[in-house]
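So the chains spell out like this:
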Amino acid sequence: MSGRNASDELRVLCSPGPLFLQPLWDGLRAREALLQSPFFPAIFSIGTYLGCCLPFVLLDALCPWVPALRRYKIHPDFAPSARQLLPCLAQTLYQHAVFVFPVTLLDWARGPAPVPPKAPELLQLARHVGCCLLLFDAEFFAWHVLHHRVPWLYRTFHKVHHQNAASFALATQYMSVWELFSLGFFHLLNVTLLKCHPLTVLVFHVLNIWLSVEDHSGYDFPWSTHRLVPFGCYGGVEHHDLHHSQFNCNFAPYFTHWDKLLGTFRSPHAK
């Protein structure tokens, strides 16, 4: 009997169905009032962003005391100063309080979204997150190219994000309100088109924020995402840093196929 129980437990753990994610989803559903609070989207968004930035902010603070960390920095002699960090943090907090929260409040006023009792299947969650990333990558590539090729759009909306020549984590969301809402619109559009489960939406948001922060962090570790994705399909921090220094290449936020297809790809190793 014990052997059969162990086999059943293993089957549950390896199951692609909802059983694997159900305990996690049940724990979230137990806090349904929090999930449906008008404050949750803004708090989750800013909390996720700051949580992803914090490790890199700490690494930047440790760099003068731990010289070995500099081997992983793509600009070893650069460290963001308080005069660079504080405006980025202030702008992010301001935009979430003044713009993001009122929008989520209006959405909440339409009525609470239904919370499904069942978790998504693990494979379905992975497929939807992958599709959302690919769609977001294509949408932002087109938006990004347009805002670099049309001078008025660049000066009016996108120039803010390029004020820091060398990237650092808290500069990830140092952007205009228009750019912030454009990214939010792409995010919402994709999860709506794919009819993603609420748990999938949360996972996609966390992953999307992490990848964005990692690309701006200035650190290239052996475990960085671009080293884990084969065949050079994913750009990574050096790839995106080259965009910030040269402006006319590497427009896609994550993957490299659009830049390669349309002739805007530049390898950081060919500098």
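Residues numbered from 1 in each chain as written. Predicted model: local features only at pLDDT ≥ 70, side-chain atom pairs only at ≥ 80, totals over all residues. Heavy atoms only, no water.

Another aspect to go through is the UniProt feature "domain: Fatty acid hydroxylase" (unreviewed entry) in the protein chain. UniProt's entry tags residues 131-264 with the feature "domain: Fatty acid hydroxylase" (unreviewed entry), counted in the numbering of this structure. Secondary structure content for residues 131-264 is 61% helix and 0% strand, and the end C-alpha separation is 23 Å. (UniProt positions renumbered as here; feature names shortened; annotations may be inferred. Helix = DSSP H or I, 4+ residues; strand = E, 2+ residues; numbered from the N terminus.)

Take the side chain of D60 next. Topologically, D60 is positioned in helix α4 (residues 40-62). Owing to a relative accessible area of 10%, D60 belongs among the buried residues under this scheme. At 3.2 Å, the side chain of D60 and the side chain of K73 are in polar contact. In this structure, D60 is in contact with K73, P80, F168 and Y219, ignoring residues within four places of it in sequence. (Buried < 20%, exposed > 50% of the residue type's maximum accessible area, 1.4 Å probe, protein only. Polar contact = N/O pair within 3.5 Å; in protein donor to acceptor, adjacent residues only side chain to side chain. Contact = heavy atoms within 4.5 Å.)

Glancing now at the packing of aromatic side chains. Note on aromatic pairs: each is described by the distance of the centres and the angle between the planes. Tallying each qualifying case throughout the model produces 19 aromatic pairs. With centroids separated by 6.1 Å and ring planes inclined at 25°, the aromatic side chains of F56 and Y219 adopt a geometry described as stacked. Of this pair, F56 sits in helix α4 while Y219 sits in the loop between α9 (198-216) and α10 (225-228), and the two are 163 residues apart along the sequence. Here the aromatic rings of Y219 and F221 are separated by 5.6 Å at their centres, their planes lie at 5°, and the arrangement is stacked. Here the two residues Y219 and F221 agree in accessibility, since each one is buried. Among the aromatic residues, those joined into a ring-pair cluster are F136, F140, W143, F185, F186, Y234, Y254 and F255. The ring of F265 carries K260 above its face, with NZ or CZ at 5.1 Å from the centroid. (Phe/Tyr/Trp six-rings, centres within 6.5 Å; stacked < 30°, edge-to-face > 60°. Lys NZ or Arg CZ within 6 Å of the ring centre and 35° of its normal.)

Relative to the elements of secondary structure, D220 occurs in the loop between α9 and α10. Reaching out from D220, the side chain makes a polar contact with the side chain of R227 at a distance of 3.1 Å.

Another aspect to go through is the pattern of salt bridges. All chains considered together, the criterion is met by four salt bridges. Of the charged contacts, one joins K73 and D60 as a salt bridge, the two residues approaching to 3.2 Å between their closest N and O atoms. Here D60 lies in helix α4 and K73 lies in the loop between α4 and α5 (82-109), a separation of 13 residues in the sequence. Take K73: its relative accessible area is 9%, and that puts it in the buried class. In this structure, R227 and D220 form a salt bridge, with 3.1 Å as the shortest nitrogen-oxygen distance. A relative accessible area of 48% means that R227 is categorised as partly exposed. (Salt bridge = Lys/Arg side-chain N within 4 Å of Asp/Glu carboxyl O.)

Before going further, it helps to examine the packing of α4 against α5. Between α4 and α5, the least distance of the axes is 9 Å, while the angle of their chain directions is 155°. Judged by the angle between their axes, α4 and α5 are roughly antiparallel. For the crossing formed where α4 meets α5, the hand is right-handed. Judged by residue contacts, P41, A42, S45, I46, Y49 and L50 of α4 engage L89, T92, L93, H96, V100, F101 and T104 from α5. Classifying every residue of the contact of α4 with α5 gives nine nonpolar, four polar and no charged. (Axes fitted to C-alpha atoms, helices over the stretch in contact; angles between N-to-C directions. Parallel < 35°, antiparallel > 145°, perpendicular 65-115°, else oblique. Left-handed = near helix turned anticlockwise from the far one by under 90°. Nonpolar A, V, L, I, M, F, W, Y, C, P; charged D, E, K, R; others polar.)

Take the environment of G130 next. The residue G130 is located in helix α6 (residues 122-149) in this model. In this structure G130 comes out as partly exposed when scored by relative accessible area, which is 28%. The spacing of G130 and F204 is 74 residues in sequence and 8.5 Å in space, taken between C-alpha atoms.

On to the nonpolar core. L133, F136, L183, F204 and Y254 are the most contacted members of the largest nonpolar core, which has 24 residues in total. Of all the secondary-structure elements, those providing two or more residues to this core are α6, α8 (177-193) and α9. In this view, L183 contacts F136, F140 and M175; residues no more than four positions away in its chain are not counted. Residues C52, L69, C88 and F221 belong to the second largest nonpolar core, which totals 19 residues. (Core = buried A, V, L, I, M, F, W, Y, C linked by side-chain atoms within 4.5 Å.)

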